[in-house]
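In case you want the letters, here they are:
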Amino acid sequence: MTPRPPTLREKRRYVLARIDPHGTAPDPKELYYAVHEVVTSLWGDAAGALIHVAVIAVEGEYAIVRCRRGTERELVIALSTVISCGGRHIALRTVAASGTIESLRERIAALQEPVPVPDVPAECTIDGTTCAVCWCAGQKIDVIEKGFKNTTRFFLTREDLENS
Amino acid sequence: MMITDSCVYPRPLGDSSVKRMALEAHELGFDSLVAVNTPPCEHFGVTVETGVVIGEVPAQEVSREVKLGRERGAVVSVLAGDNGRNRMVLGMRGVHILCGIHRTDRHAFDHVTSRMATDNSIAIDISLAPVIHGRGVSRQKALDRYHDILLLHRRFEFPLVISSHARSVLDMRSVREFSGLASVIGLDIPDVEQALSNVGMIRSGQSAVRVIP
């Protein structure tokens, strides 16, 4: 099959979204279904088909999502309604939109520069509950309640940890 | 003009500390937050104001809690109910916001309550939580209610506020996302800007300039 000439191809745009919380790293397939589900539920099947959404890649904490040119706004609104993926609570924060995947990959490389890790203890006690520090960068610290099940992730700052 | 998320629930009501919510709000483009049951403070350049949300309690209890909230200098929000309750709440001194309107029926907020909200400078809360978290029928019902509120807002010009009702930093959204989600309801950018800055206005008791033909 001969490829379609560039002038006859549809113009596409790519949206870069950060996956919160840090370290979630969802399965790309699960994220694909989650994004499809929110687009369809918010805009319907007809508009969903026009948006032509697809998760192209999940690279670390970032996802590249494709759409048809001119439908970026609808896609970004739908992405802000993503609340879970694979049973985990997540949020997608739109960072940038571009016409090429390459430029978004360059953007990811620039964003993923190592952040100095502050000196924090591996464990802490929050309101009498022992928690393990699972991620920290700058002022932000995420801790997970220690236990076998029903462990909750808490979102704190360094000051909270110092005061606890 | 202060860009304010008019209702968030930090720990222990949610899973994020107020400082973390303030830090996240700063990154998302907000200048201030109304945090429920949290003393007023300022973190990372974000002003945190005390919020009180009064639930479905009897009228006398509402009156008592509004008075307590007013004494604390809090932004007082009262959960909407049926038409009679809404009229009672909108006539009460010290109430700043009527929230949870998306859960009420079509007759709960009409032209009379709209006029009362305008006269008393009480804002109607447009919570984005049902738009973000809702799916299917529940979201459609919420959007329908918001369309109706918007129709009355355009006629009577009562103040609107927009809130995320976030219980986690993951539920918080940026100003641009607020604007996008509000456009689903039918609010355009100037309306959103006005709604995000209305908390300061309703607290000071000033009403927006109205053109009376």
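Above this text sits the structure in question.
Residues numbered from 1 in each chain as written. Chains lettered and ligands numbered in written order. Predicted model: local features only at pLDDT ≥ 70, side-chain atom pairs only at ≥ 80, totals over all residues. Heavy atoms only, no water.

## Focus: helix α6 (residues 137–156) of chain B
And step 1. Taking 1.5 Å of rise per residue, 20 residues should cover 28 Å, and α6(B) covers 28 Å from first to last C-alpha, within 8% of that figure.
And step 2. Within the span of α6(B), buried status applies to R139(B), A142(B), L143(B), R145(B), Y146(B), D148(B), I149(B), L150(B), L152(B), H153(B) and F156(B).
And step 3. Contacts made by the buried residues of α6(B) are with α1 (28–51) of chain A together with α4 (111–119), β7 (123–127), α5 (129–133), β8 (160–163) and α7 (175–185) of chain B.
And step 4. Where α6(B) terminates, the next one or two residues include E157(B), which has phi positive at roughly 60 degrees. (Helix = DSSP H or I, 4+ residues; strand = E, 2+ residues; numbered from the N terminus. Expected span 1.5 Å × (residues − 1). Buried < 20%, exposed > 50% of the residue type's maximum accessible area, 1.4 Å probe, protein only. Contact = heavy atoms within 4.5 Å.)

## Describing the pattern of salt bridges
And step 1. One pass over the structure, following the stated rule, counts 21 salt bridges over all chains.
And step 2. A salt bridge links D20(A) to R93(A); the shortest N-O distance between them is 3.3 Å. Of this pair, D20(A) sits in strand β1 (residues 12–20) while R93(A) sits in strand β6 (residues 91–98), and the two are 73 residues apart along the sequence. The two residues D20(A) and R93(A) agree in class, both being buried.
And step 3. Salt-bridge contacts for D144(B) lead to R106(B); the nearest nitrogen and oxygen are separated by 3.3 Å. Separated by 38 residues along the polypeptide, D144(B) in helix α6 and R106(B) in the loop between β6 (97–99) and α4 bring together distant segments of the chain.
And step 4. In this structure R106(B) comes out as partly exposed when scored by relative accessible area, which is 45%.
And step 5. Taken together, the salt bridges that share partners define one network made up of R18(A), D20(A), R93(A), K140(A), D142(A), R153(A), R20(B), E24(B) and E27(B). (Salt bridge = Lys/Arg side-chain N within 4 Å of Asp/Glu carboxyl O.)

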